[in-house]
Amino acid sequence: MIVYFSATGNSKYAAERIAAALGDRAVSIEEKCYDITLKEDECFGIVTPTHWWALPIPVRAFLRNLRLHRRGSHYVFVASTYGTTPGCSAEETRHLLRERGIRLSAAYNIKMPDNWTVTFDLTDPVKVARQNEKAEINIDRTIAMILHKKKGNFTKLRTPYAIYPFTDRVFAKVRSTKNLTVDDNCNGCGLCAKKCPVNAIEMRDGKPVWVRERCALCFRCLHHCPQFAIQFWKGATRKHGQYTNPNVKV
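Quick look at the structure, then. Counting restarts for each chain, with residues numbered from 1 along the sequence as it is written. At least 70 in pLDDT is required for a residue's local features to be given in this predicted model, at least 80 for side-chain atom pairs to be given and counted, and no such filter applies to totals for whole chains, interfaces and linings, which use all residues. Note that the side-chain values use all heavy atoms of the structure and ignore hydrogens as well as water.

Some words on the overall build of the chain
The secondary structure content of the chain amounts to seven helices and twelve strands. Three labels apply to residues, based on accessible area from a 1.4 Å probe with only protein chains included: buried if under 20% of the type maximum, exposed if over 50%, partly exposed otherwise in between. Burial analysis of the chain (250 residues in total) assigns 52% to the buried set. Between two residues, a contact is recorded if the distance between any of their heavy atoms is within 4.5 Å. Across the chain, every contact between residues at least 6 apart in sequence was considered, and the portion connecting residues at least 24 apart equals 77%. Here the Shrake-Rupley method, with its probe set to 1.4 Å, supplies the accessible areas, and only the displayed protein chains count as covering residues. Here the chain has roughly 12,200 Å² of accessible surface; of this, 50% comes from carbon and sulfur atoms. In DSSP terms, a helix is any run of H or I states spanning at least four residues, a strand is any run of E spanning at least two, and both are numbered starting from the N terminus.

This is how it looks when you write it as structure tokens:
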């Protein structure tokens, strides 16, 4: 099985490509598939975005609840999609799996368009298309290595795991839902509340309200809003547009 978390479709697309090459299936971790049984020599893969140089909050929760039932040898890998750096996502995965008694066989990374539109401009469709074309090459290369069951950490541009405690403290502050706002363009469709992976949004009087102190900060609500009414950091995201992977629906 290939499991994935995806806010804008990048990791879903990569997971589906990998699963198809392996003759396997890709399943969202939001289906809460915590009990997984592997047969001899089967693969188990995790495809995940990189959030603040580490794993997304929903992926951490999934790995802490994972129960992998298996006999014999298996190939367990993580593939991190990223825009600037995969950070220490591979090493964090290794640590969390080790707590569950699972050995990570290999780690890969796949560069794709970065949905952190506080910084990255995704308004140029030609530029974004070129990034996705390059991503296809990266996915193909990753698939080839997985098919040969290569072992090791093949991630590039990674950051030391030693910085994780610091970056995670910063991430916790940035994840404050006070940083998210909704403007008058909102039409009350409720899509943001339906799609939030941590149930941080409720609809009240036809408008989204963040009901948790912190969210996953995956930007799924921002990028899927049909009115582009959700913004972050006082509208810092507005000028950089929205993005969803053109090959899948999330």
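Things to note about the environment of S105
Relative to the assigned elements, S105 resides in the loop between α3 (89-99) and β7 (106-111). Setting aside residues up to four positions removed in sequence, S105 forms contacts with H74, Y75, V76, K150, K151 and G152.

A look at the nonpolar core
Within this scheme, the nonpolar core is defined by two criteria: the residues are buried Ala, Val, Leu, Ile, Met, Phe, Trp, Tyr or Cys, and they are joined through side-chain atoms within 4.5 Å. Ranked by size, the top nonpolar core spans 26 residues in total, and within it V3, I36, F44, F62, L63, L66 and L97 carry the most contacts. Contacts of L97, omitting those with residues within four sequence positions, involve I46, L63, L66, V76, I102 and L104.

Comments concerning the packing of helix α1 (residues 10-22) against helix α4 (residues 125-147)
Lines are fitted to the C-alpha atoms to define the axes, a helix being fitted only along its stretch in contact, and any angle between axes, read from their N-to-C directions, falls within 0 to 180 degrees. The geometry of α1 relative to α4 is characterised by a closest axis approach of 10 Å and an angle of 40° between their N-to-C directions. One way to sum up the angle between α1 and α4 is to call them oblique. Between α1 and α4 lies a crossing of right-handed hand. Residues N10, Y13, A14, R17, I18, A21 and L22 of α1 lie in contact with α4, whose contacting residues are N132, E136, I139, D140, I143, I146 and L147. Across the contact of α1 with α4, the residue classes break down as nine nonpolar, two polar and three charged. Each angle is binned into one of four classes, with values under 35 degrees roughly parallel, values over 145 roughly antiparallel, values of 65 to 115 roughly perpendicular, and all other values oblique. For a crossing to be left-handed, the near helix must be turned anticlockwise from the far one by less than a right angle; the clockwise case is right-handed. The classification used treats Ala, Val, Leu, Ile, Met, Phe, Trp, Tyr, Cys and Pro as nonpolar, Asp, Glu, Lys and Arg as charged, and all other residues, Gly among them, as polar.

Here's the deal with the side chain of N132
The topology assignment puts N132 in helix α4. Polar contacts involving the side chain of N132 include one to the side chain of Y243, which spans 3.4 Å. Those residues in contact with N132 that lie beyond four places of it in its chain are N10, M112, P113, Y243, N245 and P246. Residues adjacent in sequence count toward polar contacts only when both atoms are side-chain atoms; beyond that, a polar contact is any pair of N or O atoms within 3.5 Å, and within protein one must be able to donate a hydrogen and the other to accept it.

Description of the sheet that holds strand β4 (residues 43-49)
Within a sheet, adjacent strands bond to each other through the backbone by hydrogen bonds, running parallel or antiparallel. Only strands joined by at least two bridges in the DSSP assignment are considered to pair. Spatial strand order, β2-β1-β4-β6-β7-β8: six strands in an open sheet with parallel pairing. Whereas interior strands pair on both sides, the edge strands pair on one side only; in this sheet they are β2 (26-28) and β8 (152-153). Bridging between β4 and strand β6 (residues 75-82) involves seven bridges; their strand directions are parallel. Paired with P49 across the strands is T81, a residue of β6.

Quick word on helix α5 (residues 164-174)
In an α-helix, one turn spans 3.6 residues; hence positions three or four apart end up facing the same way. Regarding α5, the residues found buried are Y164, T167, F171, A172 and V174. Take α5 and look down its axis: the buried residues cluster within an arc of 160°, on one side only. Residues F166, R169 and K173 are exposed on α5 and point more than 90 degrees away from its buried face. On the buried face of α5, the contacting elements are α2 (57-65), α3 and β12 (230-232). This arc is taken over the directions from the axis of the helix to the C-beta atoms.

Some points on the side chain of H224
Considering the arrangement of structural elements, one finds H224 in helix α7 (residues 220-224). Residue classification places H224 among the buried residues on the basis of a relative accessible area of 17%. A distance of 3.0 Å separates a polar side-chain atom of H224 from the backbone oxygen of A7. In this view, H224 contacts A7, T8, L191, K195, Q242, T244 and V250; residues no more than four positions away in its chain are not counted.

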